[in-house]
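Coordinates in review
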Amino acid sequence: MFFMGTYTPRLDEKGRLFLPAKFRDRLAEGLVVTQGQENCLVVWPSDVFMQEAQRARAAPMTNKSAREYARVLFAGADEGSLDKQGRISIPANLREYASLEKDVVVIGVMDRIEIWDPARWEAFSSEAQRKFAELDEAGED
């Protein structure tokens, strides 16, 4: 199952977030929330996070970029699960990293879910869509 689509749920006062119902079955066995690139958060199904962890482990620790990636991936990670209402808890440090307050944007990205501050998502999405259109036009030559 691929995660896909864009949703706009809200964080409650305790930092909990309802995930879209169609995402919940895939997360029933557990999940990990981590820092993502472009200051978003990534929600991984536990098994997919373990695959990512194996990729990080396979990289040589003599490679500075590999060490930095592993440090950021694991230091900011929080293992969790859905509650009975289908919510996840997002720790304060991760909410701060992604500048999440009440309104958020949740997007499905194949094997993971990303959670964005709406203003950051709009800025990123606008630029990414412009580049995507240019790639499409370049393919027409």
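Residues numbered from 1 in each chain as written. Predicted model: local features only at pLDDT ≥ 70, side-chain atom pairs only at ≥ 80, totals over all residues. Heavy atoms only, no water.

1. Observations concerning the overall build of the protein
On a plain count of helices and strands, the protein comes out with five helices and eight strands. Against the globule reference of 14 Å for 141 residues, the protein gives a C-alpha radius of gyration of 16 Å, in line with a compact fold. If one aligns the C-alpha atoms of the protein with their principal axes, the spans along those axes are about 50 × 40 × 30 Å. Buried positions account for 38% of the 141 residues belonging to the protein. Within the protein, residue pairs in contact and separated by at least 24 positions form 60% of the contacts whose partners lie at least 6 positions apart. As displayed, the protein has an accessible area near 8,800 Å², and 52% of this comes from carbon and sulfur atoms. Treating the 19 positive side-chain charges of the protein as one cloud and the 24 negative ones as another, the clouds have centres 7 Å apart. (Helix = DSSP H or I, 4+ residues; strand = E, 2+ residues; numbered from the N terminus. Rg over C-alpha atoms; globule rule 2.2 N^0.38 Å. Buried < 20%, exposed > 50% of the residue type's maximum accessible area, 1.4 Å probe, protein only. Contact = heavy atoms within 4.5 Å. Areas by Shrake-Rupley, 256 points an atom, 1.4 Å probe, with all protein chains shown as cover. Lys, Arg positive; Asp, Glu negative; His and termini not counted. Charge placed at Lys NZ, Arg CZ, Asp CG, Glu CD.)

2. So, the environment of Thr8
Of note, Thr8 is situated in the loop between strand E1 (3–7) and strand E2 (16–18). Judged by relative accessible area, which is 64%, Thr8 ranks as exposed. Residues Thr8 and Pro45 lie 37 residues apart in sequence; the distance between their C-alpha atoms is 20 Å. The residues contacting Thr8, other than those within four sequence positions of it, are Val104 and Val105.

3. With respect to the sheet that holds strand E4 (residues 41–45)
Across the sheet, six strands lie side by side as E1-E7-E8-E4-E3-E5; this open sheet has antiparallel pairing. Both outer strands of the open sheet, E1 and strand E5 (78–80), are each paired with one neighbouring strand and no more. Taking the axes of each pair of neighbouring strands and ignoring which way they run, one obtains an average angle of 25 degrees across the sheet. Bridge count between strand E3 (residues 31–35) and E5: three bridges; the pairing is antiparallel. Counterpart to Val32 in the pairing with E5 is Glu79. Against the sheet, helix H2 (residues 46–58) makes contact with E3 and E4, and its axis sits at roughly 105 degrees relative to E4, the strand it touches most. (Pairing = 2+ DSSP bridges. Axes fitted to C-alpha atoms, helices over the stretch in contact; angles between N-to-C directions.)

4. Digging into the pattern of salt bridges
Within this structure, the stated rule accounts for eleven salt bridges. Taking the shortest distance from any N to any O, the salt bridge between Glu52 and Arg55 comes out at 2.5 Å. Remark: Arg55 and Glu52 occur in helix H2; sequence separation between them is three residues, near one turn of the helix. A relative accessible area of 48% places Arg55 in the partly exposed class. The residue Glu114 makes a salt bridge to Arg112 at a minimum N-O spacing of 3.6 Å. Take Arg112: its relative accessible area is 22%, and that puts it in the partly exposed class. Each of the salt bridges in this network shares a partner with another, and the network as a whole consists of Asp12, Arg16, Asp83 and Arg87. (Salt bridge = Lys/Arg side-chain N within 4 Å of Asp/Glu carboxyl O.)

5. Side note on helix H3 (residues 64–75)
The terminal C-alpha atoms of H3 lie 16 Å apart, and with twelve residues this matches the ideal 16 Å at 1.5 Å per residue to within 8%. The complete set of buried residues in H3 reads Ala66, Ala70 and Leu73. Down the axis of H3, the sector holding all buried residues measures 70 degrees, keeping them to one side. Relative to its buried face, H3 has exposed residues pointing more than 90 degrees away, namely Lys64, Ser65, Arg71 and Ala75. The N-terminus of H3 is capped by Asn63, whose side-chain oxygen sits 2.9 Å from the backbone nitrogen of Ser65. (Expected span 1.5 Å × (residues − 1). Arc of directions from axis to C-beta. Polar contact = N/O pair within 3.5 Å; in protein donor to acceptor, adjacent residues only side chain to side chain.)

6. So, the UniProt feature "domain: SpoVT-AbrB" (unreviewed entry) in the protein
The feature "domain: SpoVT-AbrB" (unreviewed entry), as given by UniProt, occupies residues 6–48 and 77–120 in the numbering adopted here. Each end of residues 6–48 is marked by a C-alpha atom, and these two atoms are 21 Å apart; helix forms 16% of the span and strand 35%. What you have in residues 77–120 is 20% helix and 39% strand, and the ends, taken at the C-alpha atoms, are 21 Å apart. (UniProt positions renumbered as here; feature names shortened; annotations may be inferred.)

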